[in-house]
Amino acid sequence: MNQQPAPEQPADVVARLRAAFRTGRTKPLTWRTTQLRRLREMLTERGADLAAALHADLGKSSTEAYRTEIDFTIREIDHTLDHLEEWLRPESAPVPAHLGADATAWTQYDPLGVVLVIAPWNYPAQLLLAPVVGALAAGNAVVVKPSELAPATSAALARLLPEFLDTETFAVVEGGVPETTALLAERFDHIFYTGNGVVGRIVMRAAAEHLTPVTLELGGKSPAFVDPDADLAVVADRLARGKFLNAGQTCVAPDYVLTDPETAAALEPLLTKAIQAVYGTDASASGEYGRIVNERHFDRLTGLLDSGRVVVGGDTDRSQKYIAPTVLADVDPASPVMQEEIFGPILPIVTVPDLDGAIDFINDRDKPLALYVFAESRTTRDRLAAETSSGGLGYGLPLAHLTVSDLPFGGVGESGMGNYHGRYSIETFSHRKAILNKPLG
Ligand code: NAD
């Protein structure tokens, strides 16, 4: 009889990884760079497996799967390999005179130990693997929990990662709420969670039991402010590409457009034109346009379609989990579409009288993960940067700030805490130890 071995219990996984971490095997630079190179090999040799899984889960085109998940992670690995030695270098600190001229002080990056990475379903490969790059580079043992809502990608990761990484110090635990709850009962040295704020609170509560630090990469309603002085054809094109990527299921997607009534009216036909230029007049026939992750989200999203006048789109097909790229105008801020993060292909246009109105509108709500500003005026740009708070700020181009490896990526307030990418991942997954040396002689 061919019996599957029972899956290892979370407590046993963590104990096993902790014992391996204690041997010191993850600390040498060569172990870390080897793991990163192996992960890179996985992505280059088996990228097609991941792309197929992403297509099965989200209807992602292969181009999009490579651009936003596989190649994205490869770039993060390459950037880390190029700079890791320099990032890990101890930094000396000036010593006060009362300690004597022979005293020296410096900081050293210590790995934290065993860290947990919990990933969501919308970019189920990138949002699991990019934190893993930092966690391995910082010399940690790592447990990952892919999202059960992207089951094909979860299965592919659970199959591939152990083939390429050091399984003494790396483990994949698949599953949903019960499995994650069991994992969260264990003591970790850091928990890195990407997903929604409700679960973010559950994660933080569980972490508090062990005084485990957390990074919470959450979402929110990211506004796109459009100034009347902007070239509206360019704005429409960039909004369409940023909003409807992955059928709008992107944490940093422009959630809604904020502008004055005249600019809104001028934008409407330009947005229609831009969407048709990218996806054709029938996006359901475009190989580049994705699908909604499941029926629950499909039903939630279709319930938002009557929050305004449909400018373009509005077509849906539940059997295909298809919702056309949709723009809504005349949207009341009190309507359902403006209450929560949309996380789908619906772009409402909300009007405010002027820049002051826009700044108040943003500040009256939760701090967003991103703010996008389309404006030529220096004063307008500077005022929005100075007078609002958001995880990131993009002038002229949505989403792209998170592809700059030397920028920290993360939220503020309701959109999250902590950040990562590049050297910021090393800060997140390390302890910066303070060291003082006073010679005995
Ligand atoms: P999800 O449902 O896949 O949940 C994320 C993870 O939490 C999964 O691994 C899931 O198993 C786990 N989980 C769910 N319920 C749980 C519970 N009760 N206890 C313990 N663990 C549980 O993904 P989601 O939350 O629907 O993702 C969408 C949200 O994530 C959006 O708000 C989006 O903006 C945000 N997001 C943020 C970022 C970012 O980088 N800041 C990126 C992507 C998505």
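Computed from a predicted model, the values in this text were never measured in an experiment.

Reading guide: rules and limits
- Residues numbered from 1 in each chain as written.
- Predicted model: local features only at pLDDT ≥ 70, side-chain atom pairs only at ≥ 80, totals over all residues.
- Heavy atoms only, no water.
- Pairing = 2+ DSSP bridges.
- Helix = DSSP H or I, 4+ residues; strand = E, 2+ residues; numbered from the N terminus.
- Axes fitted to C-alpha atoms, helices over the stretch in contact; angles between N-to-C directions.
- Patch = residues over 30% accessible without salt bridge, like charges linked within 9 Å, V, L, I, M, F, W, Y side chains within 5 Å.
- Areas by Shrake-Rupley, 256 points an atom, 1.4 Å probe, with all protein chains shown as cover.
- Salt bridge = Lys/Arg side-chain N within 4 Å of Asp/Glu carboxyl O.
- Buried < 20%, exposed > 50% of the residue type's maximum accessible area, 1.4 Å probe, protein only.
- Core = buried A, V, L, I, M, F, W, Y, C linked by side-chain atoms within 4.5 Å.
- Domains from an automatic or database assignment.
- Contact = heavy atoms within 4.5 Å.
- Near = heavy atom within 4 Å.
- Polar contact = N/O pair within 3.5 Å; in protein donor to acceptor, adjacent residues only side chain to side chain.
- Phe/Tyr/Trp six-rings, centres within 6.5 Å; stacked < 30°, edge-to-face > 60°.
- Lys NZ or Arg CZ within 6 Å of the ring centre and 35° of its normal.
- Parallel < 35°, antiparallel > 145°, perpendicular 65-115°, else oblique.
- Left-handed = near helix turned anticlockwise from the far one by under 90°.
- Nonpolar A, V, L, I, M, F, W, Y, C, P; charged D, E, K, R; others polar.

**Student:** Tell me about the sheet that holds strand S1 (residues 91-93), and name the residues and values.
**Tutor:** Each strand in a sheet pairs with its neighbour through backbone hydrogen bonds, running either in the same direction (parallel) or in the opposite one (antiparallel). Pairing in this open sheet of three strands is antiparallel, and the strands run S1-S2-S18 from one edge to the other. Each edge of the open sheet is held by one strand with a lone partner, namely S1 and strand S18 (430-437). Between one strand and the next, the sheet's axes are offset by a mean angle of 30 degrees, whatever the strand orientation. Two strands pair when backbone bridges link them, and S1 and strand S2 (residues 104-111) are joined in this way by three bridges, in the antiparallel orientation. In the sheet register, Glu-91 faces S2, and the bridge partner there is Thr-107.

**Student:** Any details on a nonpolar patch on the surface? Residues and values, ideally.
**Tutor:** Among the surface-exposed residues, Val-198, Val-199 and Ile-202 lie close enough to one another that they form a single nonpolar patch of about 250 Å² accessible area. A residue is classified by how much of its surface remains accessible, and Ile-202, at 44% relative accessible area, is partly exposed.

**Student:** Describe in detail the nonpolar core, supporting the description with residues and values.
**Tutor:** Among the nonpolar cores identified, the biggest contains 107 residues, and Leu-39, Met-42, Leu-129, Val-142, Leu-161 and Val-252 are the most heavily contacted of them. Per-element accounting of this core gives the leading share, nine residues, to helix H5 (residues 126-137). For this core, the two domains that each supply at least three residues are domain 1 (10-218 + 411-437) and domain 2 (223-403). Excluding residues that lie within four positions of it along the chain, Val-142 makes contacts with Leu-17, Val-115, Val-117, Val-132, Ala-135, Leu-136, Thr-169, Phe-170 and Ala-171. With 22 residues, the next largest nonpolar core counts Val-14, Val-114, Val-143 and Val-214 among its residues.

**Student:** Tell me what's going on with the pattern of salt bridges, and back it up with residues and numbers.
**Tutor:** Scanning all chains against the criterion turns up 23 salt bridges. With its nearest N and O atoms 3.5 Å apart, the salt bridge here joins Glu-168 to Arg-25. Here Arg-25 lies in the loop between helix H1 (10-22) and helix H2 (29-45) and Glu-168 lies in the loop between helix H6 (151-164) and strand S5 (170-172), a separation of 143 residues in the sequence. Between Arg-432 and Glu-427 there is a salt bridge, with its nearest N and O atoms 3.0 Å apart. With relative accessibility at 37%, the residue Arg-432 sits in the partly exposed group. It is possible to trace a salt-bridge network through shared partners that takes in Arg-46, Asp-49, Arg-159 and Glu-163.

**Student:** Describe in detail the site of the ligand, supporting the description with residues and values.
**Tutor:** For the ligand, the set of nearby residues contains 27 residues, the closest of which are Ser-147, Glu-148, Asn-196, Leu-218 and Glu-341. In this structure, Trp-121 approaches the ligand through a side-chain N or O atom, which is 3.0 Å from an oxygen atom. Measuring from an oxygen atom of the ligand, one finds a side-chain N or O atom of Asn-196 at 2.6 Å. Expressed as a share of its isolated accessible area of 850 Å², the protein-covered part of the ligand is 91%.

**Student:** Can you lay out the packing of aromatic side chains for me, pointing to particular residues and giving the numbers?
**Tutor:** Taken as a whole, this structure holds seven aromatic pairs when the rule is applied. For the ring pair Phe-409 and Tyr-420, a centre distance of 6.1 Å and an interplane angle of 50 degrees mean the geometry is tilted. In this pair, Phe-409 is assigned in the loop between strand S16 (392-395) and strand S17 (416-417) and Tyr-420 in the loop between S17 and helix H14 (422-428), connecting sequence segments eleven residues apart. Grouping residues by exposure puts Phe-409 and Tyr-420 together as buried. Looking at Lys-60, its charged tip hangs above the ring of Tyr-123, at a distance of 3.8 Å from the centre.

**Student:** So, the packing of H2 against H6: which residues are in play, and what are the values?
**Tutor:** The N-to-C vectors of H2 and H6 enclose an angle of 135 degrees; their axes lie 9 Å apart at closest approach. Viewed along their axes, H2 and H6 adopt a mutual orientation that is oblique. When the axes of H2 and H6 are compared, the crossing they make is right-handed. Note on element contacts: H6 touches H2 through Leu-157, Leu-160, Leu-161, Glu-163 and Phe-164, opposite Arg-38, Leu-39, Glu-41, Met-42 and Glu-45. The residue makeup of the contact of H2 with H6, split by class, is six nonpolar, no polar and four charged.

**Student:** I'd like a rundown of the pairing of S2, residues and numbers included.
**Tutor:** Pairing of S2 with S18, which is carried by eight bridges, proceeds in the antiparallel orientation. Of the residues in S18, the one forming a bridge with Gln-108 is Lys-433.

**Student:** Run through the environment of Glu-295, naming residues and quoting values.
**Tutor:** With respect to the helices, strands and loops of the structure, Glu-295 is situated in helix H11 (residues 295-302). Glu-295 sits in the partly exposed class, given a relative accessible area of 34%. Counting along the chain gives 25 residues from Glu-295 to Gln-320, while the straight-line C-alpha distance between them is 9.5 Å. If sequence neighbours within four positions are ignored, Glu-295 has contacts with Arg-318 and Lys-321.

**Student:** Describe unusual backbone geometry, with residues and values.
**Tutor:** Even without being a glycine, Lys-321 presents a positive backbone phi close to 50 degrees. Assessed through its relative accessible area of 23%, Lys-321 is described here as partly exposed. Here the phi dihedral of Phe-343 falls at roughly 55 degrees; this positive angle occurs in a residue that is not glycine. Phe-343 gets classed as buried once you look at its relative accessible area, which sits at 17%.

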